[in-house]
Amino acid sequence: MQTLTQQLANPTRFMDLSARVLPWVAGIAAALIVYGLYLSFFDSPADYQQGETVRIMYIHVPCAWLSMMVYGLIAVSSFGLLVFRHPLADVSAKAAAPIGAAFTFLALLTGSLWGKPMWGTYWVWDARLTSVLILFFLYLGLIALRAAFEDESAGAKLTAVLALVGVTILPIIKFSVNWWNTLHQPSTDFTATVDPSMRWPLLVMALGFTLLFFAMHLKAMRNEVLRRRVKAMRTQAVAGRDRLATQPAE
Amino acid sequence: MNSFWALVRRDLRLAVREGGAIGTALGFFLIVVSLMPLGLGPDLNLLARIAAGILWIALLLAALLSLNRIFEADYEDGTLDVLATGHLPLELVATAKSLAHWLTTGIPLALLAPVLGILLNLDLASYPILVGTTFVGTPAVSFLGAIGAALTVKARRGGLLLALVVLPLYVPTLIFGISAVSAAAGPAGMGAAFLILAAISLAAVVLGPIAAAAALRIQLQ
């Protein structure tokens, strides 16, 4: 009896399964986001303090949540690559890094747009903002490190090492900047402090964005698998041509 | 253990006899610190207030410049391959080389920092604390830096990449190094921040070589 992860070690099986799952994930994500956008723009009240700007939160919070979840996913994939040598683990880590960087950037951007009317400034060196900015730098480091190696498999493993180092050091960074300075409000964790009329659109958007990420991630993974196949075929073709060229001489 | 110390001694001897490496880092440190007042204006009160921050940042940058020295030369001439096949575990090789880097770069920079404090009108009472934090914090700089150095040994454009990889890892060291100096003036004293800085250094001494050795193994295959 194989587990799902073991079965997916076969790329062909992964391609079959993902081709079937992808339209559903993407479809549900689109529906949820459309519904969530409707809720957040037309069917939820303006905040008594923040006014209409509270609607930025419906984009900002899902992005911020994804910025962390994607790093977690990269870390798990890296662990899977280094320890279990799972063939899809690296594909997953590689595909997730740029998407995670994009969500982190969006979280910073929407937060700063919200900060101008609310805090009176686009940027403050507050604990939360600083640690997310450093998370963004870590993403850039992962992408740049991978790009710097000719040998893809060495680059993949080294990036995995960096991702795992990042996991151990992220809590320390978070903790250190918390000590240092704080303005950003603590997370509500979808608890009772958020009024139901706002919690519901936020939940819908969070779920929609998460599914959107998974849809993009699956698509990027499929592209990466295909890219590797093309590369392997090219190498084979070149090797075959060389063999033909040398045959008459033998 | 003998071979561990032999390796440390070899790296120290190389650093001394090659010359230049230590001097370059110190010279860079001096120049960065003296550029600051040129950019910020010669207001002594302002400089005194931000002196600790400037010194720490310049120290990190100077150390960063010398990080690629930890593994690069040994990788290029094949010494690292010999070390990897020897009986000393690669983790200890990385420890020895990071330790040698700390002795030849971290300590000289930490010794120079208070001297450069004069240029920045640093408060006299802050001197012992500044020396204390730089001595306690620089092991983290060398041992965390070794991770980055090991990761980029074989990379193209290694130098800039090294900065991108390593600088985020330096954030806690920087924050606690500076907050220890500024907390010393306050009522709470420097105790907590200083102890956390020490904890970061100790954790880096343990974790740095493990990650560095993993990165080296991947590239030496």
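Located above this text is the structure these notes cover.
From a predicted model like this one, the values you see are computed outputs, not experimental measurements. (Residues numbered from 1 in each chain as written. Chains lettered and ligands numbered in written order. Predicted model: local features only at pLDDT ≥ 70, side-chain atom pairs only at ≥ 80, totals over all residues. Heavy atoms only, no water.)

**Some thoughts on the packing of helix α3 (residues 57–84) of chain A against helix α4 (residues 87–119) of chain A**
Residue and element names in this part refer to chain A.
Logical step 1: Contact pair α3 / α4: the axes reach a minimum separation of 7 Å and the direction vectors enclose 155°. The pairing of α3 with α4 is recorded here as roughly antiparallel in orientation. Between α3 and α4 lies a crossing whose hand is left-handed.
Logical step 2: Here the contact of α3 with α4 is built from residues that sort into 17 nonpolar, ten polar and one charged. (Axes fitted to C-alpha atoms, helices over the stretch in contact; angles between N-to-C directions. Helix = DSSP H or I, 4+ residues; strand = E, 2+ residues; numbered from the N terminus. Parallel < 35°, antiparallel > 145°, perpendicular 65-115°, else oblique. Left-handed = near helix turned anticlockwise from the far one by under 90°. Nonpolar A, V, L, I, M, F, W, Y, C, P; charged D, E, K, R; others polar.)

**Regarding the pattern of salt bridges**
Two side chains with opposite charge may pair up if their charged atoms get near one another.
Logical step 1: Inspection of the entire model under this criterion finds twelve salt bridges over all chains.
Logical step 2: A salt bridge links B:D74 to B:R10, with the nearest nitrogen and oxygen atoms 3.0 Å apart. Note that B:D74 is positioned in helix α4 (residues 72–76) and B:R10 in helix α1 (residues 2–18), a separation of 64 residues in sequence.
Logical step 3: Via salt bridges that share partners, A:D90, A:K94, A:R146, A:E152, A:E224, A:R227, A:R228 and A:K231 belong to a single interconnected network. (Salt bridge = Lys/Arg side-chain N within 4 Å of Asp/Glu carboxyl O.)

**Notes on helix α2 (residues 21–40) of chain B**
Residue and element names in this part refer to chain B.
Logical step 1: Here α2 contains 20 residues, and its C-alpha end-to-end distance of 29 Å stays within 8% of the 28 Å for a straight helix at 1.5 Å per residue.
Logical step 2: Among all positions of α2, only A21, A25, F29, V32, V33 and P37 are buried. Down the axis of α2, the buried side of the element spans an arc of 165°, and every buried residue falls inside it. For α2, the exposed residues set more than 90 degrees away from the buried face come down to T24, I31, L35 and L38.
Logical step 3: Where α2 is buried, its residues contact α3 (44–67) and α6 (90–119).
Logical step 4: Looking at the residues trailing α2, positive phi occurs at G41, about 90°. (Expected span 1.5 Å × (residues − 1). Buried < 20%, exposed > 50% of the residue type's maximum accessible area, 1.4 Å probe, protein only. Arc of directions from axis to C-beta. Contact = heavy atoms within 4.5 Å.)

**Some points on the interface of chain A and chain B**
For interface size, the figure often reported is the accessible area lost on association.
Logical step 1: Taken together, the contacts link 26 residues of chain A with 26 residues of chain B.
Logical step 2: Between chain A and chain B, roughly 2200 Å² of surface is buried when both sides are summed, and carbon and sulfur atoms account for 83% of that area.
Logical step 3: Where chain A touches chain B, the interface holds zero salt bridges.
Logical step 4: At the boundary of chain A and chain B, one finds zero residue pairs in polar contact (both at pLDDT 80 or more).
Logical step 5: Here the element with the most residues in the side of chain A that touches chain B is helix α6 (residues 152–180) of chain A; it accounts for 14 residues. (Buried area = accessible area lost by both parts, 1.4 Å probe. Polar contact = N/O pair within 3.5 Å; in protein donor to acceptor, adjacent residues only side chain to side chain.)

**Some remarks on the packing of helix α7 (residues 127–151) of chain B against helix α10 (residues 191–220) of chain B**
All names here are of chain B.
Logical step 1: Contact geometry for α7 and α10: axes closest at 7 Å, N-to-C directions at 20°. Judged on the interaxial angle alone, α10 and α7 are roughly parallel. The handedness of the crossing between α7 and α10 is left-handed.

**What about empty space enclosed by the protein?**
Residues and elements named next belong to chain A.
Logical step 1: By the definition in use, this model includes one cavity of 30 Å³ or more.
Logical step 2: As for the largest cavity, its lining consists of I74, S78, A93, K94, A97, L142, I143, R146, T159, A160 and A163.
Logical step 3: Breaking the lining of the largest cavity down by element, the ones donating at least two residues are α3, α4, α5 (127–147) and α6. (1 Å grid on protein atoms, 1.4 Å probe; cavity = no way out; pocket = protein on both sides within 12 Å on 5 of 7 lines; lining within 4 Å. Points joined across faces, edges and corners; volume = space filled by probe spheres on them.)

**Some remarks on the environment of A:M118**
Logical step 1: Within the fold, A:M118 resides in helix α4.
Logical step 2: Sequence-wise, A:M118 and A:I59 are 59 residues apart; in three dimensions their C-alpha atoms are separated by 16 Å.

**Comments concerning the nonpolar core**
Logical step 1: Ranked by internal contacts, the top residues of the largest apolar core, which has 116 residues, are A:I74, B:F29, B:F71 and B:L151.
Logical step 2: Ranked by size, the runner-up nonpolar core spans twelve residues in total, among them A:L8, A:A215, A:M221 and A:V225. (Core = buried A, V, L, I, M, F, W, Y, C linked by side-chain atoms within 4.5 Å.)

**Section: unusual backbone geometry**
Logical step 1: Its identity is not glycine, yet A:R85 carries a phi of approximately 55°, on the positive side.
Logical step 2: Inspection of the secondary structure puts A:R85 in the loop between α3 and α4.
Logical step 3: Given a relative accessible area of 54%, A:R85 falls into the exposed group.
Logical step 4: With a phi close to 60°, B:N121 is a non-glycine residue in the positive phi region.
Logical step 5: Structurally, the position occupied by B:N121 is in the loop between α6 and α7.
Logical step 6: The partly exposed category is assigned to B:N121, whose relative accessible area is 31%.

In short, geometric facts, not functional conclusions.
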